[in-house]
Amino acid sequence: MTQTTPAAPSETPEKATEKTAADFWFDPACPFAWITSRWILEVEKVRDVEVTWHIMSLAYLNQDKDIPQEYRDFLSTAWGPVRVCMAVQNEYGQEKLAEIYTALGTRRHVEGRDFDRALIEEALASVDLPVELADAMDDESFDEAIAKSHHEGMDQVGNDVGTPTIAMNGSAFFGPVISKAPKGEEAGKLWDGFQLITAYPYVYELKRARVHDLDFS
């Protein structure tokens, strides 16, 4: 009688870790959103996170509010880049939206330049997009889609906040507002803490006075 050796149990492959989906609402004119966006791009490198970018509008948010004239003057030029971002999203999708945000933000926040047509055309060309998309700067037909995208984010957190707004795991928060984007594992640790705090359903505010200048490095 021949003895048969039992077959070894098949090895079950480890289940792949699912990425955390993070939705990020930005206005390209906002320096605070810019710094937070550079942080979350670092987070993608060190944590299982995938960011989806969305457009909001500070000009739309504040259009009926009693705000200082200086801020209203700032917002008067904010519609143009938001409309261009919407045009890019409509025609080219997520990947190019992320690229044009980086191109616009680098020129505005790092280089300190104004959002004029020359800057926007240069930014578009730098990410291989048609410079004719700059025509969207003055095209109010994009405003309905901008408002829709805006409300998809802001309605989750309330009109007393703005950008950056991040939604994940069924909750959304304004922030974190940071003055310098951490790099590498330090960025990951900040994300870990952010996830822990925002997971608690009764947290609604955490704030202190800003004592550091904005650092766009």
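Numbering of residues starts from 1 in each chain and follows the order in which that chain's sequence is written. The predicted origin of the model limits local features to residues at a pLDDT of at least 70 and limits the giving and counting of side-chain atom pairs to 80 or more, whereas totals for whole chains, interfaces and linings rest on all residues. Side-chain numbers here rest on the full set of heavy atoms in the structure, without hydrogens or water.

Undergrad: How would you explain the overall build of the protein chain if you had to name every residue and give the values?
TA: Every helix listed is a DSSP run of H or I at least four residues long, and every strand listed is a run of E at least two residues long, numbered separately from the N terminus. When helices and strands are counted, the protein chain shows seven helices and four strands. Going from the N terminus to the C terminus, the protein chain shows its helices and strands as β-α-β-α-α-α-α-α-β-β-α. Note on classification: 1.4 Å probe, protein chains only; a residue is buried when its accessible area is under 20% of the maximum for its type, exposed when over 50%, partly exposed between these limits. Of all 217 residues assigned to the protein chain, the portion counted as buried reaches 42%. Whether two residues are in contact is decided by their heavy atoms, any of which lying within 4.5 Å being enough. Summarising the internal contacts of the protein chain: among those between residues at least 6 apart in sequence, 69% fall at separations of at least 24. What sets the accessible areas is the Shrake-Rupley method with a 1.4 Å probe; for residues, cover comes only from the shown protein chains. Counting every atom, the protein chain has about 12,800 Å² of accessible surface; 50% of that belongs to carbon and sulfur. Charged residues are defined here as Lys and Arg on the positive side and Asp and Glu on the negative side; His and the ends of the chain fall outside this count. A charged residue contributes its charge at one atom only: NZ of Lys, CZ of Arg, CG of Asp or CD of Glu. Once the 20 positive and 38 negative side-chain charges of the protein chain are each reduced to a mean point, those two points are 6 Å apart.

Undergrad: Summarise helix H5 (residues 117-126); cite the residues concerned and give the values.
TA: Of all the residues in H5, the buried ones are Leu119, Ile120, Ala123 and Leu124. Down the axis of H5, the buried set is contained in an arc of 130°. They therefore lie on one face. Buried residues belonging to H5 abut helix H4 (79-110). Count one or two residues on from H5 and you reach Asp128, which has phi positive near 60°. The arc under discussion is defined with respect to the helix axis, by the directions toward the C-beta atoms.

Undergrad: Any chance you could break down the pattern of salt bridges for me, citing the residues and the numbers?
TA: Here, a salt bridge means any side-chain nitrogen of Lys or Arg that lies within 4 Å of a carboxyl oxygen of Asp or Glu. All told, the structure shown has 13 salt bridges when counted by the stated rule. Among the ionic pairs, Arg47 bridges to Glu185, the shortest N-O distance being 2.8 Å. Here Arg47, found in the loop between helix H1 (31-46) and strand E2 (49-55), pairs with Glu185, found in helix H7 (residues 184-198); they are 138 residues apart in sequence, far enough to count as distant. Residue classification places Glu185 among the partly exposed positions, given a relative accessible area of 41%. One salt-bridge network, held together by shared partners, links Arg107, Glu111, Arg113 and Glu122.

Undergrad: If you had to explain the packing of H1 against H4 to someone new, which residues and values would you point to?
TA: In the contact formed by H1 and H4, the axes pass within 11 Å of each other and the chain directions differ by 125°. It follows that H1 is oblique to H4 by the angle criterion. The way H1 lies across H4 gives a crossing that is left-handed. In contact with Pro31, Ala33, Trp34, Ser37 and Arg38 of H1, H4 contributes Tyr101, Thr102, Gly105, Thr106, His109 and Val110. Amino acid classes used here: Ala, Val, Leu, Ile, Met, Phe, Trp, Tyr, Cys and Pro are nonpolar; Asp, Glu, Lys and Arg are charged; the rest, including Gly, are polar. Among the residues forming the contact of H1 with H4, the class breakdown is five nonpolar, five polar and one charged. To obtain an axis, a line is fitted to C-alpha atoms, over the contacting stretch when the element is a helix, and the angle between two such axes runs from 0 to 180 degrees between their N-to-C directions. An angle below 35 degrees is read as roughly parallel, one above 145 as roughly antiparallel, one from 65 to 115 as roughly perpendicular, and any other as oblique. The sense of a crossing depends on the near helix, which, turned anticlockwise from the far helix by less than a right angle, makes the crossing left-handed and, turned clockwise, makes it right-handed.

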